[in-house]
Amino acid sequence: KKSGYLLNPININNNSVDSVIKYLNNFECYDPDNNIKHVNPVRPPDNTMRAFYRNEDVTRAPGILELANNDKLLKIAGEYFCAFPKIDSIWAWWTYPNENIPPTQSFHRDMDTLNSLKFFVYLTDVDNNSGPHILIKGSHNNTFSTKKDQMHNDNEISKYFSEEDVMEITGNSGLCFLADLFALHKGKHPTVSPRLVIQIIYSVIQTPFGPKKPYIKKDEARHLLKNKYSEYVNSNIIINY
């Protein structure tokens, strides 16, 4: 609540990361910036800045739905919202070194719903040359003037916040963090190597980017989840019949 983020709230082991990457290697991505439906993530088109996996493919990756239902993550989200959270949506995407820069690589606030937390897991090693997440500490509690989808350059931010407020999150694959992205943030533009990240969104009222309807049947959920799960928490993901 004070800083806007929490580093490594749970431990992600290397075997889990390797299993997810190996699974995702079987799937194509899509490029939302250039409206390209079929992208090979290993050899993307020259103009591709970001390549997203389909939500359905990510959710079915080994351990991902179980990760989204982690008791500690759900407890933190519930205490933060003062309400039962739902799994809003589950994402994974590549960000590539490119001459062009997508909008999300400028500072902005996420203003898609009233209450949300985003849980990230780096699936590749991320240093300051491979697109780390950057967050302005405590800015979710700040009255910095902005509006939905408004982007701010580094000069605007440096006039309002000190250099000590800027948190650049780097680390080896498996590093994870929770963040309230009403805080000002951006993805740093990668210059040397691409970045692959998982994002699980928790919310009270679903964001516009969540699935239009649940897509995992109950029989399949029994194979994807080892433990009993809450139908309410998973109602955006798992079909309730």
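Here goes a summary of the coordinates provided. For every chain, the first residue of the written sequence is number 1, and numbering continues from 1 onward in sequence order. The predicted origin of the model limits local features to residues at a pLDDT of at least 70 and limits the giving and counting of side-chain atom pairs to 80 or more, whereas totals for whole chains, interfaces and linings rest on all residues. Computation of side-chain values: all heavy atoms of the structure, hydrogens and water removed.

## Looking at the pattern of salt bridges
Opposite charge on two side chains permits them to pair, given that their charged atoms come into close proximity. Here is the rule: Each salt bridge in this description consists of a side-chain nitrogen of Lys or Arg and a carboxyl oxygen of Asp or Glu lying within 4 Å of one another. Burial classes: relative accessible area under 20% of the type maximum marks a residue as buried, over 50% as exposed, and values in between as partly exposed (1.4 Å probe, protein chains only). In this description a helix means any DSSP run of H or I spanning at least four residues, a strand means any run of E spanning at least two, and both kinds are numbered starting from the N terminus.
Enumeration over the complete set of coordinates arrives at ten salt bridges. Among the ionic pairs, aspartate 110 bridges to lysine 118, the shortest N-O distance being 2.7 Å. In this pair, the class of aspartate 110 matches that of lysine 118, namely buried. Salt-bridge contacts for glutamate 231 lead to lysine 218; the nearest nitrogen and oxygen are separated by 2.8 Å. Linking glutamate 231 in the segment after helix 6 (218–224) with lysine 218 in helix 6, this pair joins segments that are 13 residues apart in sequence. Three or more residues are tied together by salt bridges with common partners; here these are Arg54, Glu56 and Asp57.

## Some words on helix 1 (residues 14–24)
We count it as follows: Here the arc refers to the directions that run from the helix axis out to each C-beta atom. Contacts are residue-level and defined by heavy atoms, with any inter-residue pair within 4.5 Å sufficient. Polar contacts, as used here, are pairs of N or O atoms within 3.5 Å; protein pairs need one atom able to donate a hydrogen and one able to accept it. Residues neighboring in sequence count only if both atoms are side-chain atoms.
Along helix 1, the positions that sit buried rather than exposed are Val17, Val20 and Leu24. End-on view of helix 1: buried residues confined to an arc of 65°, all on one side of the axis. With respect to the buried face of helix 1, the exposed residues turned more than 90 degrees away are Asn15 and Lys22. Buried residues along helix 1 sit against helix 2 (55–59), helix 3 (64–68), strand 5 (86–95) and strand 11 (195–203). Two or three places before asparagine 15, at the opening of helix 1, asparagine 13 has a side-chain oxygen 3.1 Å from that residue's backbone nitrogen.

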